[in-house]
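# Structural overview for review
The primary structure of each chain is shown beneath.
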Amino acid sequence: MTKALDGVRILDMTHVQSGPTCTQLLAWFGADVIKVERPGVGDATRGQLRDVPDADSLYFTMLNHNKRSITLNTKDDKGKEIFTKLIEKCDVMVENFAPGALGRMGFSWERIQEINPRMIYASIKGFGPGDYEDCKVYENVAQCAGGSASTTGAIGGIPMVTGAQIGDSGTGLHLALGIVTALYHREQSGKGQRVECAMQDSVLNLCRVKLRDQQRLAHGPLKEYAQFGLEIPFGEATPRAGNDSGGGQPGRILKCKGWEHDPDAYTYFITQAAVWKNVCDVIGRPDWKEDPDYATPEVRLPRLTQIFEAIEVWTMTKTKFEVMEICNPLNIPVGPILSMKEIAEDSALRKTGTVVEVDHPERGKYLSVGNPIKLSDSPSDVERSPLLGEHTDEILRNVLGFSDAEIKNAKEEGAV
Ligand code: CAO
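Quick notes on the rules
The residue numbering used here restarts from 1 in each chain and proceeds along that chain's sequence as written. Given that this is a predicted model, residues contribute local features only at a pLDDT of at least 70 and side-chain atom pairs are listed and counted only at 80 or more, while totals for whole chains, interfaces and linings are drawn from all residues. Remark: hydrogens and water are excluded; side-chain values derive from all non-hydrogen atoms of the structure. Secondary structure follows DSSP: runs of H or I at least 4 residues long count as helices, runs of E at least 2 residues long count as strands, and numbering of each begins at the N terminus. Contacts are assigned to residue pairs that have any heavy atoms within 4.5 Å of one another. All accessible-area figures derive from a Shrake-Rupley calculation using a 1.4 Å probe, and residue coverage is judged against the displayed protein chains alone. Positive charges come from Lys and Arg alone, negative charges from Asp and Glu alone, with His and the N- and C-terminal ends not counted. By convention, the charge on Lys lies at NZ, on Arg at CZ, on Asp at CG and on Glu at CD. When DSSP finds at least two bridges between two strands, those strands are taken to pair. Here the axes come from fitting lines to C-alpha atoms, over the contacting stretch only for helices, and the angles between their N-to-C directions go from 0 to 180 degrees. Whether two aromatic rings pair depends on their centres lying within 6.5 Å, for rings of Phe, Tyr and Trp, where Trp uses its six-membered ring; planes under 30 degrees apart make the pair stacked, over 60 edge-to-face, and the rest tilted. With a 1.4 Å probe rolled over the protein chains alone, any residue whose accessible area is under 20% of its type maximum counts as buried; one over 50% counts as exposed, and the rest are partly exposed. Put simply, a salt bridge is a Lys or Arg side-chain nitrogen that is within 4 Å of an Asp or Glu carboxyl oxygen. Throughout this document, a residue counts as near a molecule or strand when at least one of its heavy atoms sits within 4 Å of that molecule or strand. Polar contact is the term for a pair of N or O atoms within 3.5 Å; when the atoms are in protein, one must be able to donate a hydrogen and the other to accept it, and sequence-neighboring residues count only if both atoms are side-chain atoms. Patch construction takes residues with relative accessible area above 30% that form no salt bridge. Like charges are linked within 9 Å, and nonpolar side chains (Val, Leu, Ile, Met, Phe, Trp, Tyr) are linked within 5 Å. Residues enter a nonpolar core if they are buried and are Ala, Val, Leu, Ile, Met, Phe, Trp, Tyr or Cys, with the set joined through side-chain atoms within 4.5 Å. For this classification, under 35 degrees means roughly parallel, over 145 means roughly antiparallel, 65 to 115 means roughly perpendicular, and everything else is oblique. Domain ranges listed in this record stem from an automatic or a database domain assignment.

Once that is clear, we can look at the overall build of the protein. On a plain count of helices and strands, the protein comes out with 18 helices and 11 strands. Across its three principal axes, the protein shows a C-alpha extent of roughly 85 × 45 × 40 Å. Once local pairs closer than 6 in sequence are excluded, the contacts in the protein between residues at least 24 apart make up 66%. Approximately 20,600 Å² of the protein is accessible, and the part contributed by carbon and sulfur atoms is 53%. Taking the average location of the 47 positive side-chain charges in the protein and that of its 58 negative ones, the two points are 1 Å from each other.

Spatially, β7-β8-β9 is the arrangement adopted by the 3 strands of the open sheet, whose pairing is antiparallel. This sheet does not close on itself; its edge strands, each paired only once, are β7 (251–255) and β9 (334–336). When strand polarity is set aside, the average angle formed by the axes of neighbouring strands in this sheet is 20°. Relative to β9, strand β8 (residues 266–270) is paired through 3 bridges, and the arrangement is antiparallel. The residue bridging Thr267 from the neighbouring strand is Pro336, located in β9. Together, β7 and β8 form the strand contacts of helix α13 (residues 304–315), whose direction differs from that of β7 by roughly 40°.

Moving on: the packing of aromatic side chains. How two aromatic rings sit relative to each other is set out by the distance from centre to centre and by the angle between their planes. Under the counting rule described, the total for this entry stands at 6 aromatic pairs. Seen from their ring centres, Phe83 and Phe107 are 4.7 Å apart, and the 90° between their planes marks the pair as edge-to-face. Here Phe83, found in helix α3 (residues 77–89), pairs with Phe107, found in the loop between α4 (101–104) and α5 (109–115); they are 24 residues apart in sequence, far enough to count as distant. On the basis of relative accessibility, which here comes to 0%, the residue Phe83 falls in the buried class. Assessed through its relative accessible area of 4%, Phe107 is described here as buried. Relative to Tyr132, the ring of Phe127 has its centre 5.2 Å away and its plane inclined at 45°; by these criteria the two rings are tilted. By relative accessible area, Phe127 is classed as buried at 13%.

This part takes up the pattern of salt bridges. Within the structure shown, the criterion is met by 30 salt bridges. Residue Asp32 pairs with Arg68 through a salt bridge whose shortest N-O separation is 2.8 Å. Placement of the pair is Asp32 in strand β2 (residues 32–37) and Arg68 in strand β3 (residues 67–71), with a sequence separation of 36 residues. Given the relative accessible area of 16%, Arg68 is considered buried. A cluster of three or more residues bridged by salt bridges with shared partners is formed by Arg9, Asp32, Arg68 and Glu394.

With that out of the way, let us pick up the site of the ligand. Taken together, 23 residues lie around the ligand, and Lys75, Ala98, Lys136, Val137 and Asp168 are the ones closest in. Side-chain polar atom of His15 to an oxygen atom of the ligand: 3.0 Å apart, as the coordinates give it. Note that an oxygen atom of the ligand is positioned 2.6 Å from one of the side-chain N or O atoms of Asp168. Isolated, the ligand exposes 950 Å² of accessible area, and the fraction of that covered by the protein chains is 83%.

Along the chain, Asp77 turns up in helix α3. You can call Asp77 exposed: its relative accessible area is 64%. Placed 338 residues apart in sequence, Asp77 and Ala415 show a C-alpha to C-alpha distance of 8.0 Å.

A few words on a nonpolar patch on the surface. A cluster of nonpolar residues, Ile155, Leu230 and Ile232, forms a patch on the protein surface that exposes about 220 Å² of accessible area. Of note, Ile155 is situated in the loop between α6 (139–145) and α7 (168–189). Take Ile155: its relative accessible area is 30%, and that puts it in the partly exposed class.

Right, let's get into the nonpolar core. By size, the foremost hydrophobic cluster in this structure holds 31 residues, and its most contacted members are Ile82, Ile87, Met93, Leu102 and Ile112. Elements with a minimum of two residues in this core: β1 (9–13), β2, α3, α4, α5, α17 (392–398) and α18 (404–412). The greatest single-element share of this core, amounting to 4 residues, is contributed by α3. With near-sequence residues (within four places) excluded, Ile82 lies in contact with Leu72, Leu396, Leu400, Phe402, Ala410, Ala415 and Val416. Among the nonpolar cores identified, the runner-up in size contains 30 residues, and Val33, Leu175, Leu183 and Val203 belong to it.

This next bit is on the packing of α7 against helix α8 (residues 199–206). With their axes 9 Å apart at the nearest point, α7 and α8 run at an angle of 95° to one another. Judged by the inter-axis angle, α7 sits roughly perpendicular to α8. Contact with α7, carried on its side by Asp168, Gly170, Thr171 and His174, involves Met199, Ser202, Asn205 and Leu206 of α8 and no other residues of that element.

Before going further, it helps to spend a moment on the domain arrangement of the protein. When its domains are assigned, the protein resolves into domain 1 (9–206 + 348–412) and domain 2 (243–332). In this structure, domain 1 and domain 2 have C-alpha centres spaced 43 Å apart.

What follows deals with a positive patch on the surface. Taken together, the side chains of Arg38, Lys75, Arg104 and Lys136 define a basic patch exposed on the protein surface. Take Arg104: it is sitting in helix α4.

Following this line, the structure appears as structure tokens:
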């Protein structure tokens with residue numbers, strides 16, 4: 001069976017998390033991803049947060065599956081010559097260096113187009129054009145600058161970053177879509193183009209409901225926020241909303257049986273309007289079905305905290321899984337708060353390949369997250385990440401047509 005991106009060759013200059021997320025996805029869809037790394041150094045994450053001495057870290061291995069690695073000094077003359085040949089042979093170049101780094105190597109967008117007019121050049125930077133365009137940026141900076149941190153956290157508490165890597169992996173996902181879109185466009189135009197994603201923009205895109213609420217504030221308080229029922233005045237900007245639902249159906253995180261000793265014994269409970277009567281029956285408050293203070297979504301808004309406190313009295317008598325078993329047949333949307341341990345052991349996620357076990361020559365077996373996007377005709381097999389420079393000879397020989405003598409020469413010159 002062929003893969004969706006069979007025949008597409010990616011020159012992968014990415015490092016750390018944002019760029020590698022993007023090229024890993026493309027590799028899972030079948031692209032030949034050639035990861036270029038500095039000789040003797042490689043992607044810095046190979047050595048970061050190590051759990052096994054002298055073995056590539058999980059940080060690196062879990063972001064670089066299905067790729068090939070070539071070492072190449074792109075600042076050295078011979079290395080630049082080899083890099084130029086790789087640009088000629090590839091369809092897409094992806095990079096997330098600090099602003100200007102590729103230009104300093106001598107490979108501006110103009111130069112890349114000269115070498116290969118069909119090349120799609122995709123890059124991630126922290127910020128788009130403007131005051132901050134020259135800044136180096138990591139995940140949490142993007143979460144703060146993209147509006148996520150100011151809208152996350154307890155009511156009245158400090159801004160909070162989230163564990164989901166929306167700045168890095170979120171931007172990588174955006175970039176992957178930009179790349180396949182540009183590949184599709186190239187089918188008609190015959191030309192490559194530049195694809196740019198700023199981490200701030202990607203985070204903001206994922207926070208668009210909070211910009212929605214910013215504008216709604218001009219027309220009155222945000223009644224579905226717990227803050228409204230608690231009679232805490234709204235300020236000028238979208239506030240932090242604890243665990244309130246971001247949509248039109250109110251929801252909260254509630255304690256379940258065992259919460260005193262299990263930090264994850266909680267459920268997310270949504271009081272969807274269509275099943276309000278079922279909620280009332282389940283929690284033993286059938287009187288609320290017809291009570292004019294509770295019967296409609298509008299009248300419930302100022303009473304949400306009181307309502308969720310009553311629901312919590314019931315959820316505390318059940319485990320988070322029992323809550324799910326009881327509520328699901330009644331169409332009441334609930335979700336157990338799953339720990340990473342529970343997710344790692346989840347048999348359904350193993351079956352679908354979303355959680356996979358991978359074997360690695362240096363570190364042995366480890367768990368990873370497989371491709372969350374499932375294509376019926378292009379399934380993703382997760383292959384281990386490459387060792388530093390594992391495919392240098394193979395790429396020089398098979399992609400660039402180097403002879404053994406030329407490979408030896410490139411090594412002696414320190415270019416690879
Ligand atoms: N051969 C020779 N030199 C190489 C090379 C190679 N194969 N690969 C990289 N280099 C050089 C770069 O050219 C650069 O040199 P100059 O500074 O002289 O131009 C140098 O290595 C370091 O690159 P960098 O500045 O990108 O790396 P850094 O560790 O200082 O910064 C980061 C890291 C992530 C902050 C920065 O790359 C960045 O802001 N990237 C864009 C935003 C981004 O993706 N951030 C998310 C990262 S994931 O959390």
